[in-house]
Amino acid sequence: MHDIAIPDITLNDGRTMPALGLGTYRLNGSAGVEALVRGIDAGYQLLDSAFNYENEGAVGRAVRRAGVDREELFLVSKLPGRHQRREEALRTVEESLYRAGLDYWDLYLIHWPNPRQGLYVEAWRTLLEARERGLIRSAGVCNFLPEHLDTLVRETGVAPVVNQVELHPYFSQKEQVAFDRRHDIVTQAWSPLARTINIMKEKALLEIAGVTGKTVSQVVLRWHIQSGTVPLPKSASPERQAENMNVFNFELCDADMAAIDALARPDGRLKGQDPAVYEEF
């Protein structure tokens, strides 16, 4: 099995969540199941899926194949933007569970606010209803800007436990992370390694990796953790999965953290990912 233990963090609803998870985007079909089983065997407990990834079935199959007690895992999926009306949202949560063969999701997220559609508050109320029904244990959001979060809290009095956003050294989202923290919302990072090989060639990161004896990926993931965010790296490789988990036995100094912070770019966001306008999800 595994030797590395990922610590837990406490959410604003009193439940706990692993401080690092495994992204599952494009881990589909039998190959996806095999990769997810390897991840669970390596010690990942948080598996981050979505209705739109079309791999909730693979996640469920991997959970049953891995032979780990369901209660030891923290399984996540997401509501697509096209199903934000109450009845559609409830059916989608149920369908997510049927696809995965699960009785509940540990965390279910609104995948995108779709502000032009104007239904994200209705979707949020529906996730809170799904929580009351026992379909999900905790409710959160993805890609929400401060104004969207303010609206949720103003309209419902309930803040999400998680806001999952694009976050990596090129796009560090310091203001968003600070906003989330002030509202006791945990920031999760999708694409924590920037979905590009360029970051692996950054001189500052290579120097820090050389001093710490860690890989560039491990340095970046450690930066996430020390910044107070929960990274969700995706990998099908057992070696890379193990590498990405092995980030809890060293610390970056203040100078290292500042050097990584300095990599942020005005154009660092991945193309087409602005939650204020993007509507695909």
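Above this text is the structure in question.
Residues numbered from 1 in each chain as written. Predicted model: local features only at pLDDT ≥ 70, side-chain atom pairs only at ≥ 80, totals over all residues. Heavy atoms only, no water.

Caption draft 1: The arrangement of the side chain of S96 in detail. Position of S96 among the secondary structure elements: in helix α3 (residues 86-100). Overall, S96 belongs to the buried group, its relative accessible area being 0%. A polar atom in the side chain of S96 sits 2.7 Å from the side chain of E56. Polar contacts involving the side chain of S96 include one to the side chain of Y108, which spans 2.7 Å. Once residues lying within four places of it in the same chain are set aside, the contact partners of S96 are F51, E56, S77, W105 and Y108. (Helix = DSSP H or I, 4+ residues; strand = E, 2+ residues; numbered from the N terminus. Buried < 20%, exposed > 50% of the residue type's maximum accessible area, 1.4 Å probe, protein only. Polar contact = N/O pair within 3.5 Å; in protein donor to acceptor, adjacent residues only side chain to side chain. Contact = heavy atoms within 4.5 Å.)

Caption draft 2: Region of interest: the packing of helix α2 (residues 56-66) against α3. For the pair α2 and α3, interaxial distance at closest approach is 7 Å and the crossing angle is 45°. The angle between the axes of α2 and α3 places the two elements in the oblique class. For the pair α2 and α3, contact is made by E56, G57, G60 and R64 and by S96, R99 and A100, respectively. (Axes fitted to C-alpha atoms, helices over the stretch in contact; angles between N-to-C directions. Parallel < 35°, antiparallel > 145°, perpendicular 65-115°, else oblique.)

Caption draft 3: Local environment of the sheet that holds strand β9 (residues 186-190). Spatial strand order, β3-β4-β5-β6-β7-β8-β9-β10: eight strands in an open sheet with parallel pairing. A strand with exactly one partner marks an edge of an open sheet, and here the two such strands are β3 (22-23) and β10 (229-231). Bridging between strand β8 (residues 162-166) and β9 involves five bridges; their strand directions are parallel. Paired with Q164 across the strands is Q188, a residue of β9. (Pairing = 2+ DSSP bridges.)

Caption draft 4: Structural detail: the pairing of strand β5 (residues 74-79). Of all six residues in β5, six are buried, a share of seventy percent or more. As paired elements, strand β4 (residues 46-48) and β5 share three bridges and run parallel to each other. Note that in β5 the partner of L47 across the bridge is L75. At this point the chain moves from β4, through α2, to the parallel β5, and the crossover so formed is right-handed. (Right-handed = clockwise from strand over helix to strand, strands pointing away.)

Caption draft 5: Spatial organisation of the packing of helix α1 (residues 29-42) against helix α9 (residues 238-245). It is the contact of α1 with α9, at a shortest axis distance of 10 Å, that shows an interaxial angle of 35°. The handedness of the crossing between α1 and α9 comes out as right-handed. Contacts between α1 and α9 pair A35, R38, G39 and A42 from the former with P238, Q241 and M245 from the latter. When grouped by side-chain class, the residues that make up the contact of α1 with α9 number four nonpolar, two polar and one charged. (Left-handed = near helix turned anticlockwise from the far one by under 90°. Nonpolar A, V, L, I, M, F, W, Y, C, P; charged D, E, K, R; others polar.)

Caption draft 6: Spotlight on the pattern of salt bridges. In this structure the tally under the stated criterion is 13 salt bridges. With its nearest N and O atoms 3.0 Å apart, the salt bridge here joins R65 to E34. Highlighted residues: R65 in helix α2 and E34 in helix α1, separated in sequence by 31 residues. Close ionic contact of R125 with E155 constitutes a salt bridge, the shortest N to O distance being 4.0 Å. With R125 in helix α4 (residues 120-132) and E155 in helix α5 (residues 146-156), this residue pair connects regions lying 30 residues apart in the sequence. Exposure remark for R125: the relative accessible area of 42% places this residue in the partly exposed category. What you see here is one network of salt bridges that share partners, running through R86, E87, E129 and R133. (Salt bridge = Lys/Arg side-chain N within 4 Å of Asp/Glu carboxyl O.)

Caption draft 7: Representation of unusual backbone geometry within the structure. Although it is not a glycine, R26 adopts a positive phi angle of roughly 70°. Residue position: R26 is located in the loop between β3 and α1. The exposure class assigned to R26 is exposed, which follows from its relative accessible area of 61%. At S191, a position not held by glycine, the phi torsion is positive, near 55°.

Caption draft 8: Inspection of the environment of L109 at higher detail. Tracing the chain through its elements places L109 in strand β6 (residues 105-110). For L109, a relative accessible area of 0% gives the class buried. When the C-alpha positions of L109 and A50 are compared, they lie 8.5 Å apart, and in sequence the two are 59 residues distant.

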